[in-house]
Amino acid sequence: MAANRVGRRLGRGSPARSPGGPRAEPARSPGIQKRQARVTVKYDRRELQRRLDTEKWIDGRLEELYRGREAEMPDEVNIDELLELDADEARAMHLQGILKSCHNNTQAFVQELLLKLRGLQKQQVLRRPSPELQERA
């Protein structure tokens, strides 16, 4: 029933709340706990913003390079795959392989992207530990 929902705010005309009087608390069953309002995780906002800016830049530049030939545009340029490669030469070769269908000059794009990748870190995947591992600990 809607009136028994946890966290429901009572309006001004509600009979359960009178001015100056005590607030009526909704009855809770002993087995139900109140849910937390928010869950927060620390992220490096600057790093996330740099990644987002780089991804937007890649999308914009790919649209310029493939203007009129959008069907040939690669689905994705995975930043993490590029960051896993050891040297800029390997990254450049990987990018050239992705961009082989482009008829425009991609050298400037590749060089600019390699500069933007410097200082970026590979994104850590957030995973929940399996229930089996939690039981063993």
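Residues numbered from 1 in each chain as written. Predicted model: local features only at pLDDT ≥ 70, side-chain atom pairs only at ≥ 80, totals over all residues. Heavy atoms only, no water.

Caption draft 1: Layout of the overall build of the protein. If you tally the helices and strands in the protein, you get five helices and zero strands. Order of helices (α) and strands (β) in the protein, N terminus to C terminus: α-α-α-α-α. Buried positions account for 20% of the 137 residues belonging to the protein. For the protein, the proportion of contacts with a sequence separation of at least 24, taken over those separated by at least 6, is 62%. Surface accessibility of the protein: about 12000 Å² in total, with carbon and sulfur atoms responsible for 47%. (Helix = DSSP H or I, 4+ residues; strand = E, 2+ residues; numbered from the N terminus. Buried < 20%, exposed > 50% of the residue type's maximum accessible area, 1.4 Å probe, protein only. Contact = heavy atoms within 4.5 Å. Areas by Shrake-Rupley, 256 points an atom, 1.4 Å probe, with all protein chains shown as cover.)

Caption draft 2: Quick peek at a negative patch on the surface. Together, Glu55, Asp59, Glu63, Glu70, Asp75, Glu76 and Glu81 give the surface a local cluster of negative charge. Sort the elements by how many residues they give to the negative patch and helix α1 (residues 45-65) lands first, with three residues. Inspection of the secondary structure assignment puts Glu81 in helix α2 (residues 79-84). With relative accessibility at 39%, the residue Glu81 sits in the partly exposed group. (Patch = residues over 30% accessible without salt bridge, like charges linked within 9 Å, V, L, I, M, F, W, Y side chains within 5 Å. Salt bridge = Lys/Arg side-chain N within 4 Å of Asp/Glu carboxyl O. Lys, Arg positive; Asp, Glu negative; His and termini not counted. Charge placed at Lys NZ, Arg CZ, Asp CG, Glu CD.)

Caption draft 3: A look at helix α4 (residues 107-117). All buried positions along α4 are accounted for by Phe109, Val110, Leu113, Leu114 and Leu117. The buried residues of α4 occupy one face: seen down the axis, they fall within an arc of 130°. Where the residues of α4 are buried, they touch α1, α2 and α3 (88-98). Of the residues trailing α4, Gly119 is marked for its positive phi of about 95°. (Arc of directions from axis to C-beta.)

Caption draft 4: Representation of the packing of α1 against α4. Running from N to C, α1 and α4 point in directions that differ by 180°, and their axes come no closer than 11 Å. Classed by the angle they form, the pair α1 and α4 counts as roughly antiparallel. When α1 is examined against α4, the residues Arg50, Thr54, Trp57, Ile58, Arg61, Leu62 and Leu65 are found in contact with a partner set consisting of Ala108, Phe109, Glu112, Leu113 and Lys116. (Axes fitted to C-alpha atoms, helices over the stretch in contact; angles between N-to-C directions. Parallel < 35°, antiparallel > 145°, perpendicular 65-115°, else oblique.)

Caption draft 5: Structural view of the environment of Asp53. Within the fold, Asp53 resides in helix α1. The sequence separation of Asp53 and Lys116 amounts to 63 residues, and the corresponding C-alpha distance is 9.7 Å.

Caption draft 6: Highlighting the packing of aromatic side chains. Scanning the entire structure with this criterion turns up one aromatic pair. When the centroid spacing of 5.4 Å and the interplanar angle of 10° are considered together, the rings of Trp57 and Phe109 count as stacked. You can see Trp57 sitting in helix α1 and its partner Phe109 sitting in helix α4, a full 52 residues away along the chain. With relative accessibility at 18%, the residue Trp57 sits in the buried group. If you follow Lys116 out to its NZ or CZ, it ends over the ring of Trp57, 5.1 Å from the centre. (Phe/Tyr/Trp six-rings, centres within 6.5 Å; stacked < 30°, edge-to-face > 60°. Lys NZ or Arg CZ within 6 Å of the ring centre and 35° of its normal.)

Caption draft 7: Structural detail: the nonpolar core. By size, the foremost hydrophobic cluster in this structure holds 19 residues, and its most contacted members are Ile58, Phe109, Leu113 and Leu117. Those elements that provide at least two residues to this core are α1, α2, α3 and α4. Looking at this core element by element, the count peaks at five residues for α4. (Core = buried A, V, L, I, M, F, W, Y, C linked by side-chain atoms within 4.5 Å.)

Caption draft 8: Summary view of the packing of α3 against α4. At a closest axis distance of 10 Å, the pairing of α3 and α4 adopts a crossing angle of 135°. With respect to their mutual orientation, α3 and α4 come out oblique. The handedness of the crossing between α3 and α4 is right-handed. Contact residues: α3 offers Asp88, Arg91, Ala92, Leu95 and Gln96, while α4 offers Gln107, Val110, Leu113, Leu114 and Leu117. (Left-handed = near helix turned anticlockwise from the far one by under 90°.)

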